[in-house]
Structure formats: structure tokens, C-alpha cells
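Inside the fold
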Amino acid sequence: MSDHEVAPVLRIKGRVLVGPDEVEDGLWAVDGRITYERPPGADGAVTLTGWALPGLVDAHCHVGLGHQGPVDAATSEKQALADRAAGTLLIRDAGSPSDTRWVDDREDLPKIIRAGRHIARTRRYIRGFAHEIEPGDLVAYVAREARRGDGWVKLVGDWIDRDAGDLTACWPRGEVEAAIAEAHRLGARVTAHCFAEAALRDLVEAGIDCIEHATGLTEDTVPLFAERGVAIVPTLVNIATFPGLAEAGEARYPRWSAHMRRLHERRYETVRAAYDAGIPVFTGTDAGGSLAHGLIADEVAELVKAGIPALDALSATAWGARRWLGRPGLEEGAPADLVIYDEDPRADVRALASPRRVVLDGRVMG
């Protein structure tokens, strides 16, 4: 659809889940915006029926990233379309080496909140993914990515240290404190990839806003996260790959392999302990790199399997996630970004795997 074409008046007839316990009998979309008042032209509206949720959020996703680094625009488009088909209409892109600003000009692709490119220690991350730098350059690179992103910066907080043969922290405390302070000065929040235990306390006490994966949380650090309000995005569909990674690395890095297996074995216990302590938990699939796009329903189901109540797991990809990222849900005047299901997803989150219709800016997507 060209930029000058106007979306038709759309009527959603059924149950609109404005919030976990706030349900409306329907809504209208006019010029791509939500209204709960019957508009002019309503008689000719396109009508959809079912249970409507705000467009789902994947808060850890990588559009423009493949297993060897950046990908071309055609591949990026396929990634974004796969997410859209799954009902993901808002993505926090947690690090990408590709420039995906062109996506913002496409009315048929999910909205993206970018964290710029990963910032990693030299030779301490997947080749081709990140800026690889030394600690003395951390503040400058964080400032650069804060200016390039959409209010987020992504650090690699830990990775395998080949000399140690295991996961270790990547950054000295002083440098990470200065870098996070600079990001905050520039109005950006900071998140970090962390699999293991070692880096967590320094990052949280340095003022970080979020931790990705967070498999290294322990009874010592869970209270610290809760006290500081640091969110986690567990990416459980990615953590499921740990046993395979451990097997592949067994011969060369047996300590690392054993560590990865332990982190995997207690993954559900870790997430449930975080939730029970009041740590904000949000959904992320880690799509891109080695994982397929469009796995958001699987991630919500994993949160439920970890022991998070279904309604809160749903909020982690819907109402709560949008609030956390500062984006609207299904309120009056908001962009008409929503997903329609045959069944109430609050009753069974498995309904998320079968969206009936996806609506983006008031337009029904194919």
C-alpha cells in the first residue's frame, strides 16, 4: 500500500483485551488509529471478530542479523515478516550490525526499537556481530550507540574466556559504571547479554537497566535485581540450545560445557525465583543469528512452564511489555496494532500460536 492510501475503517467485533482485567466489547480503527466511538463511515467498515490483544512484543530480537553477521535487506524483510505473522508487531532489536532504518518507512512491517550494534570485548563474542573493543573505549562506543539507537544500548557482559576455559565478566567495574552513566546522560537505557553469574553484581550496582538471558541469577543476586528494579528477558527458547552448545564444546572447553549444562538445568527455577522476587520479566526470543524468527508464542509458553502465571506471562509480551518500552497498547488514539485470536489467550496462552488476523496501523495484514 502506498503512503497516500488511507486505511479503511475497521471494526473489531468481539472481546478487546485492553488490559489483563479490562475488556471492551469492540473497537474501531480509523485512519490507522483506535477509537471506541462509532465513527462516520462505520456502515462500510471491514469487520473482524474474535479476541483482540495489543500487537505482541519481542523484547530480544535481531532483525538484520544472520549466523555470520549482517544480512541484506531482503533477508531482513523475511525476518520481520516472520515475526509479523506470529503476531509480533513491536520489536526491541537487542543488537544488530545492519542498518534497518528503512523498516520505519514500511507500513507493513513491525515497529522496531533499536539498541544499535552489540558492544563486546575484543575476541569475546560471535565474530561479525559486535563492535569489539577494549575497556578504555567503552564509554565512547556506548555514547556512539546511544545516539544511533532508539533509547537502548546493548553490551556483551560475559562470554567465554579462552584462557580461563569458562564464562567470565568482560568489563572492569569502573569502565562499566562510566559507560552506563554516559548512556543515561544521553537518555538511553542499557542492557547486557549475561549467561553466567560473575558479571551480574557489578552491572546492576553500576546502574544497568536490564539483563538478557540472566541464567546466572542466584539467591545472592536475585534480591539485588529486585531492589534496583532491573528487568530480565530470559529468552528461554534460546537457553534450550545450551546442551547442544555444551556438547560441541566439550573436548576443548570442558569447564565451560559443564557450566552451560548447569545453567540450562536450573533455567526454570531461575526464572521463577526472579518472578517470585518481583523482578520484571519480559519476553524475548533471541531470533536472528542461529534462531528462527516468529517464536514469540513458544517463549510465552516457556515462561508458563517455568512457573509464571499465564496472565503475567501474557502481560510480558503484551500490556506490561509495551508499558516497559514506552509504547501504547489498545487505548483511545493509539496506533491500531493488534492481533485477533479465536480463543481467549488468557485462558490458554497456547492460543498465541494461532493468530486469526494481524492488524498493523489499522490495516489487515496478509
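Residues numbered from 1 in each chain as written. Predicted model: local features only at pLDDT ≥ 70, side-chain atom pairs only at ≥ 80, totals over all residues. Heavy atoms only, no water.

1. Some remarks on the nonpolar core
Heads up, the condition is: Definition used in this section: a nonpolar core is a set of buried Ala, Val, Leu, Ile, Met, Phe, Trp, Tyr and Cys residues joined via side-chain atoms within 4.5 Å. Categorising residues by exposure relies on relative accessible area from a 1.4 Å probe, with only protein chains included: less than 20% of the type maximum marks a residue as buried, more than 50% marks it as exposed, and the intermediate range marks it as partly exposed. Any pair of residues with heavy atoms lying within 4.5 Å of one another is described as a contacting pair.
Leu 53, Leu 155, Ile 208, Ile 211 and Phe 225 are the most contacted members of the largest nonpolar core, which totals 78 residues. Among residues more than four places away in sequence, those in contact with Ile 208 are Ile 180, Val 190, Thr 191, Ala 192, Leu 203 and Val 230. Judged by nonpolar contacts, the second largest core, of 15 residues, contains Ile 12, Val 16, Ile 34 and Leu 338.

2. Some points on the packing of aromatic side chains
Applied cut-off: The pairing test for Phe, Tyr and Trp rings, Trp by its six-membered ring, is centres within 6.5 Å, and the orientation test on the planes gives stacked under 30 degrees, edge-to-face over 60, and tilted for anything in between. Helix numbers and strand numbers start at the N terminus; a helix is a DSSP run of H or I with at least 4 residues, a strand a run of E with at least 2. Two limits define a charge over a ring: the Lys NZ or Arg CZ must be within 6 Å of the ring centre, and within 35 degrees of the ring normal.
Going through the model one piece at a time under the given rule, you end up with 6 aromatic pairs. Taking 4.8 Å as the distance between ring centres and 75° as the angle between the ring planes, the aromatic pair formed by Phe 195 and Phe 242 counts as edge-to-face. Of the two residues, Phe 195 is situated in the loop between strand S15 (189–194) and helix H4 (200–205) and Phe 242 in helix H7 (residues 242–249); the sequence distance between them amounts to 47 residues. Side by side, Phe 195 and Phe 242 carry an identical accessibility label, which is buried. Between Arg 92 and the ring centre of Trp 152, over which it is positioned, the NZ or CZ distance is 4.6 Å.

3. Remarks on the state of the cysteines
Filter applied, for reference: Count a disulfide wherever a pair of cysteine sulfur atoms falls within 2.5 Å.
In total, this model carries 0 disulfides according to the counting rule given. In this model Cys 170 remains outside any disulfide bridge; the closest cysteine sulfur is found in Cys 194, 8.1 Å from its own. Take Cys 210: it sits in no disulfide, and the sulfur closest to it among the cysteines is that of Cys 194, at 10 Å. Exposure remark for Cys 210: the relative accessible area of 0% places this residue in the buried category.

4. What to know about the sheet that holds strand S19 (residues 357–360)
To keep things clear, this is the line we draw: Any two strands are treated as partners once DSSP identifies two or more bridges connecting them.
If you walk across this open sheet you meet the 7 strands as S3-S2-S1-S4-S18-S19-S20, and the pairing is mixed. The sheet is open, and its two borders are formed by strand S3 (33–35) and strand S20 (363–364), each paired with just one other strand. By the bridge criterion, 6 bridges tie strand S1 (residues 10–17) to strand S2 (residues 23–30) in an arrangement that is antiparallel. Its bridge partner being in S2, Leu 17 is matched across the sheet by Val 23.

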